[in-house]
Amino acid sequence: MNNAEDTHIYAPNGNIGMAEYSTKEMRIVLLACCTSCFVAPLLSTMMNLSLVNIGEEFDVGSHDLAYVNTAFLLSSVIFMVPMSKLGDIVGKKRLFIASLVGMIATCILASLSPTFWFLIACRAAMAVCSAAVMSLGVSMIADVYPPQMRGGAIGIQTMCVYIGLSLGPTLGGILNDAIGWHHVFLVIVPIAALAALAMLMFPGEIRPAEGRRLDTVGSLYYGLAMLLIMGGVINLPALWAWPSMAVGAVMLYLFVRRQLTVEDKLLDVTLFKNRVFSGSCLAAFLVYASSYSISFFLALYLQSIGELSASAAGSLMLIQPAVQAVFTPLFGKLSDRMEDKRILPTSGVLLVTVGLVSMSTYGLEMNLTQIVATMLVVGFGFAMFSAPNVSIVMGSVPKESTGEASAVLGVTRQGGMMVSMGLAMMVIALTMGSADHLVPERYPEFIEVIRITFIMCAGFGVVSMMASMLRKPVRRHTT
């Protein structure tokens, strides 16, 4: 590839097609995508240290408080694939900017929440915008960067994700103590605006499916499948959750069958015949299913049993994502040079699993050394796994399928997070029942919840290691 500043090829109608991109254009896309991909995890994690105050203000227990996270994740899962395909049709740049504007509007509304369920509705709405931003961001990086540079670029993008994760608890905790949780959402507004302005500087458009139509029937099948399956997961062990998941499985079958015959596909399901692609997505699903609830439980543990303020707990929780932010770009670049690309992500999952086992041994006396060690191990493990695994996924599909691959990867990641929170909510319901407010006399039961949850999560980690290593070997690009 020619890296000269003025090298670019434009497709008809001003759209940028299958082309070489100038260094300037690549940097613009990376800047916009890194800024936006900093925002989405910030939205996800910054409310964790406000959960106690939200519960006190609206008088809700730990089970309902989990909806602050799960509503965001469920909405992301439902809309990520349709929004990615819509970007292919109307233009990735156009939808990317529109979604950032929508994110700004929903954050402002969330800051004005008069009731708990209004807040949950706002979280669901902002997740629709976040789903588009995250899937389009990764696919645009894959579109403009050549294979031999892709791992490094994705490593930088993933680093920004982890910076968002690291600053989320800290900023959220500080702002929660200083001005109240309502105003935490307003931090997002200027950052999202900056990402939109950066993307406006990118010339032309990336529109690989111009002139095609969005499969609305397939979108309905897909959305209902995800709503019913994941809605059932997060409401286990309620009796209605089982038929909900069963009906959702039927909808998923109808969706897959339609995608095998319809001309304008929402998702090319034949991608899953590729062992590299399917194995990588399965590994991502399982590692997030095993680990996402760490921040949820740790936030509650530190503020209840640990008796820390939101600010202090947020500062302590900075450790894990900070490690991820520092080391992820390094492992992303290293993966570009490694002969067998399975080694780094598999080793990363092993370290995450060790951290999960450590979490399962937490007790009524807070051991600060153990908590710090756990976060260091998990953070380093995720740094080894994330960028190399994403690079493998995006490199395993043809260029015209990068949008779909990015969306599928996002769904597997968000779906894994949903399963993690669903498992947490189920264990809370079974162990603590409806009286799940975190008061001192319930602390022994809460510790039991943590123990059971993370023993099960460690099992997910072991299976994720197997999925990562048993996928078809992926070799280094030589050109």
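Look up a bit, the structure's there.
Residues numbered from 1 in each chain as written. Predicted model: local features only at pLDDT ≥ 70, side-chain atom pairs only at ≥ 80, totals over all residues. Heavy atoms only, no water.

1. Comments concerning the overall build of the protein chain
Under the convention used in this document: Segments assigned H or I by DSSP are reported as helices when at least four residues long, segments assigned E as strands when at least two residues long, and all are numbered from the N terminus. Atoms counted for the radius of gyration: C-alpha only. Globule rule: 2.2 Å times residue count to the power 0.38. Think of it in three bands: residues with accessible area under 20% of the maximum for their type are buried, residues over 50% are exposed, and the middle band is partly exposed, with areas taken using a 1.4 Å probe on protein chains only. What makes two residues a contact is simply this: any of their non-hydrogen atoms within 4.5 Å.
Scanning the protein chain from N- to C-terminus turns up 18 helices and zero strands. Whereas a compact globule of 479 residues would reach a radius of gyration of roughly 23 Å, the protein chain reaches 21 Å, a difference of no more than 12%. Overall, the C-alpha framework of the protein chain stretches about 70 × 45 × 45 Å when taken along its three principal axes. Taking all 479 residues of the protein chain together, the buried fraction comes to 62%. In the protein chain, of all internal contacts separated by at least 6 residues, the share reaching a separation of at least 24 is 82%.

2. Let's talk about the layout of surface pockets
This is how the line gets drawn: Lining residues are those with an atom within 4 Å of a point, where the points come from a 1 Å grid over the protein atoms alone and group into cavities, where a 1.4 Å probe fits but cannot get out, or pockets, open sets with protein on both sides within 12 Å along at least five of seven lines. Grid points are joined across faces, edges and corners, and a volume is the space filled by probe spheres set on the points. Residue polarity is assigned by list, with Asp, Glu, Lys and Arg as charged and Ala, Val, Leu, Ile, Met, Phe, Trp, Tyr, Cys and Pro as nonpolar; anything else, Gly included, falls into the polar class.
Quantified by volume, the largest pocket comes out at close to 430 Å³. Surrounding the largest pocket, 20 residues form its lining, M226, L252, F272, V411 and T412 being those nearest its centre. Elements that contribute at least two residues to the lining of the largest pocket include exactly helix 9 (216-233), helix 10 (241-259), helix 11 (275-291) and helix 17 (402-432). When grouped by side-chain class, the residues that make up the lining of the largest pocket number 18 nonpolar, two polar and no charged.

3. Here's the deal with the nonpolar core
Counted only if it meets this: For our purposes a nonpolar core is just a set of buried Ala, Val, Leu, Ile, Met, Phe, Trp, Tyr and Cys residues, chained together by side-chain atoms within 4.5 Å.
Formed by 148 residues in total, the largest nonpolar core has its most connected members in L43, F185, I188, F297 and Y301. With 17 residues, the single largest contributor to this core is helix 6 (residues 116-144). Beyond its immediate chain neighbours, meaning those up to four positions away, F185 contacts M46, M47, C107, A110, S111, L119, R123 and M126. F331, M338, L344 and A383 belong to the second largest nonpolar core, which has five residues in total.

4. Things to note about the packing of helix 6 against helix 17
As a reminder, the rule being used: Angles here are taken between N-to-C directions and fall from 0 to 180 degrees, while the axes themselves are lines fitted to C-alpha atoms, restricted in helices to the stretch in contact. In what follows, roughly perpendicular refers to angles from 65 to 115 degrees, roughly parallel to angles under 35, roughly antiparallel to angles over 145, and oblique to any angle outside these ranges. Each helix crossing is assigned a hand: it is left-handed if the near helix lies turned anticlockwise from the far helix by less than a right angle, otherwise right-handed if that turn is clockwise.
At a minimum axis separation of 8 Å, helix 6 and helix 17 run at an interaxial angle of 140 degrees. Judged by the angle between their axes, helix 6 and helix 17 are oblique. When the axes of helix 6 and helix 17 are compared, the crossing they make is right-handed. Every residue of helix 17 that contacts helix 6 at M134, S135, V138, S139, A142 and D143 is listed here: T402, G403, S406, A407 and R413.

5. With respect to the packing of aromatic side chains
Cut-off, in case you're wondering: Working definition: rings of Phe, Tyr and Trp (its six-membered ring) pair if their centres are within 6.5 Å, and the pair is stacked with planes under 30 degrees apart, edge-to-face with planes over 60 apart, and tilted otherwise.
Summed over all chains, the structure comprises 14 aromatic pairs. Both rings, one in F297 and one in F446, keep their centres 6.0 Å apart while their planes meet at 45 degrees; by these two values the pair is tilted. One end of the pair, F297, is in helix 12 (residues 293-304); the other, F446, is in helix 18 (residues 443-470), and 149 residues separate them in sequence. Here F297 and F446 have matching classes, each one buried. Of the aromatic side chains, those joined through ring pairs into one cluster are F58, Y67, F116, W117 and W181.

6. Some points on the packing of helix 9 against helix 17
Between helix 9 and helix 17, whose axes approach to 8 Å, the crossing angle comes to 30 degrees. In terms of axis orientation, helix 9 runs roughly parallel to helix 17. Facing helix 9, whose interface residues are Y222, M230 and V233, helix 17 presents V411, G415, M418, V419 and G422. Residues belonging to the contact of helix 9 with helix 17 are distributed by class as follows: six nonpolar, two polar and no charged.

7. Let's talk about the state of the cysteines
As a reminder, the rule being used: Cysteine sulfurs are considered disulfide-paired once they come within 2.5 Å of each other.
Evaluated as defined, the whole model comprises zero disulfides. Free cysteine: C34, not disulfide-bonded; nearest cysteine sulfur from C160 at 3.8 Å. C34 sits in the buried class, given a relative accessible area of 7%. Distance from the sulfur of C122, which forms no disulfide, to the nearest cysteine sulfur (C107) is 9.1 Å.

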